[in-house]
Amino acid sequence: MSSCVTRRSKDTDLKHGKHIARKRFGQHFLADGGIIEAIVDAINPQPGQAMVEIGPGLAALTQPLVERLGALTVIELDRDLAQRLRSHGQLRVIESDVLKVDFAQLAQAQAVPKLRVVGNLPYNISTPILFHLLQYVDIIEDQHFMLQKEVIDRMVARPSTAAYGRLSVMLQWRYAMENVLFVPPESFDPPPRVDSAVVRMLPRPDAAALNEQALSELVQVAFSQRRKLLRHTLGAWLQAKNFAGEFDVQRRAEEVPVAEYLRLALAVASAQVSDQAVVQ
């Protein structure tokens, strides 16, 4: 009986233009006009640019963005919200889990070489989304995301700090990143229990040519036991791969700069290619 009552009240709310935030989708809707304006100014959309918004929700960012752009592609998982968004003539609505979206196909469909990507990302899956987009970095002009501030702190963290880790290394390899705006909990409805912020991510044109999976494995091993010296984790991993190069494993993972991890990944890959050539 209670489930029927809940469903009926939700339908009534939708009919009157309201939408109840769904916890399973991590929904927190931006409601502060001043913050919305500041975010749009930071994004600086220009007429005709090809932009994709992830998780438009109640269109708080969507409307001011599309007013400047003229047209906008949005990715929305919530069926009810997607239906509402389709009534907007300037929006191309993709009803899907963003982790299943091929951004290269989106660029191809719009006949553009690169996309601008923005969004208020669901905090419960923000890291998987960032890693999903990493594989499309070559067709992305820039990214502006609202995220949990703690996640952004990890993204932009420097070595020898508590926030520095796998996310820092993997993203700093491909992006120059900047925390551009603080967003307090009261800017949302319902308010989350954490602080938020907006990050700007610009793909690095000079990023080292590496296999993402290989680097990810190396970094994951390195940070698997943060408090131990690398000789216990990465050192053993390198030994198992018969790596004979030089790398100081008498440090902790957080003490190694991004550039050193990249050089090591290149050296390991090069050594493996040489070994394969010898075997053949």
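Before going into details, it helps to say that this report is about the structure given with it. Only a predicted model underlies this, so the values are computations on that prediction, with no experimental measurement involved.

## Focus on the overall build of the chain
Argument step 1. Helices and strands together make up the secondary structure of the chain, namely 11 helices and 9 strands.
Argument step 2. Buried residues in the chain amount to 44% of all 280 residues.
Argument step 3. Total accessible area on the chain stands at roughly 14500 Å², and carbon and sulfur atoms take up 50% of it.

## Here's the deal with the pattern of salt bridges
Argument step 1. Scanning the entire structure with this criterion turns up 9 salt bridges.
Argument step 2. Notably, a salt bridge pairs Arg86 with Glu95, separated by 2.7 Å at the nearest N-O pair.
Argument step 3. For Glu95, a relative accessible area of 37% corresponds to the partly exposed category.
Argument step 4. Between Asp138 and Arg174 there is a salt bridge whose closest N-O contact spans 3.1 Å. With Asp138 in the loop between α6 (126-134) and β6 (140-148) and Arg174 in helix α8 (residues 166-174), this residue pair connects regions lying 36 residues apart in the sequence.
Argument step 5. Under the relative-accessibility criterion, Asp138 is labelled exposed at 57%.
Argument step 6. The class of Arg174 is buried, set by a relative accessible area of 15%.

## Topic: the pairing of strand β3 (residues 72-76)
Argument step 1. In terms of burial, β3 is a largely internal element, 5 of the 5 residues being buried.
Argument step 2. In β3, alternate side chains face the same way, and those of Leu72, Val74 and Glu76 on one face and Thr73 and Ile75 on the other are all buried.
Argument step 3. Direction of pairing for strand β2 (residues 51-54) relative to β3: parallel, over a ladder of 3 bridges. For Ile54, the partnering residue across the bridge sits in β3 and is Ile75.
Argument step 4. Read from β2 through helix α3 (residues 62-69) to β3, the crossover connection turns out right-handed.
Argument step 5. Pairing of β3 with strand β4 (residues 91-95), which is carried by 5 bridges, proceeds in the parallel orientation. Following the sheet pairing, Val74 is matched in β4 by Val93.
Argument step 6. Since β3 and β4 lie parallel, the crossover through helix α4 (residues 79-85) that links them has a hand, and here it is right-handed.

## Topic: the environment of Ile39
Argument step 1. Position of Ile39 relative to the elements: it lies in helix α2 (residues 33-43).
Argument step 2. Given a relative accessible area of 4%, Ile39 falls into the buried group.
Argument step 3. Taking the C-alpha atoms as reference, Ile39 lies 8.8 Å from Met146; in sequence the two are 107 residues apart.
Argument step 4. Once residues within four sequence positions are removed from consideration, Ile39 is found in contact with Leu30, Leu61, Met146, Leu181 and Val198.

## Re the sheet that holds β2
Argument step 1. The 7 strands lie next to each other as β4-β3-β2-β5-β6-β9-β7, forming an open sheet whose pairing is mixed. In this open sheet, the two strands that pair with only one neighbour each are β4 and β7 (175-183). Neighbour-to-neighbour, the strand axes of the sheet open up by a mean angle of 20 degrees, direction not taken into account.
Argument step 2. Here β7 runs beside strand β9 (residues 196-203); their pairing, made up of 8 bridges, is antiparallel. Counterpart to Leu181 in the pairing with β9 is Val198.
Argument step 3. Strands β2, β3, β4 and β5 (115-120) of the sheet are contacted by α3, whose axis makes an angle of about 155 degrees with β3.
Argument step 4. Its contacts with the sheet put α8 on β7 and β9, and the angle it makes with β7 is roughly 115 degrees.

Procedures and definitions
- Residues numbered from 1 in each chain as written.
- Predicted model: local features only at pLDDT ≥ 70, side-chain atom pairs only at ≥ 80, totals over all residues.
- Heavy atoms only, no water.
- Helix = DSSP H or I, 4+ residues; strand = E, 2+ residues; numbered from the N terminus.
- Buried < 20%, exposed > 50% of the residue type's maximum accessible area, 1.4 Å probe, protein only.
- Areas by Shrake-Rupley, 256 points an atom, 1.4 Å probe, with all protein chains shown as cover.
- Salt bridge = Lys/Arg side-chain N within 4 Å of Asp/Glu carboxyl O.
- Pairing = 2+ DSSP bridges.
- Right-handed = clockwise from strand over helix to strand, strands pointing away.
- Contact = heavy atoms within 4.5 Å.
- Axes fitted to C-alpha atoms, helices over the stretch in contact; angles between N-to-C directions.

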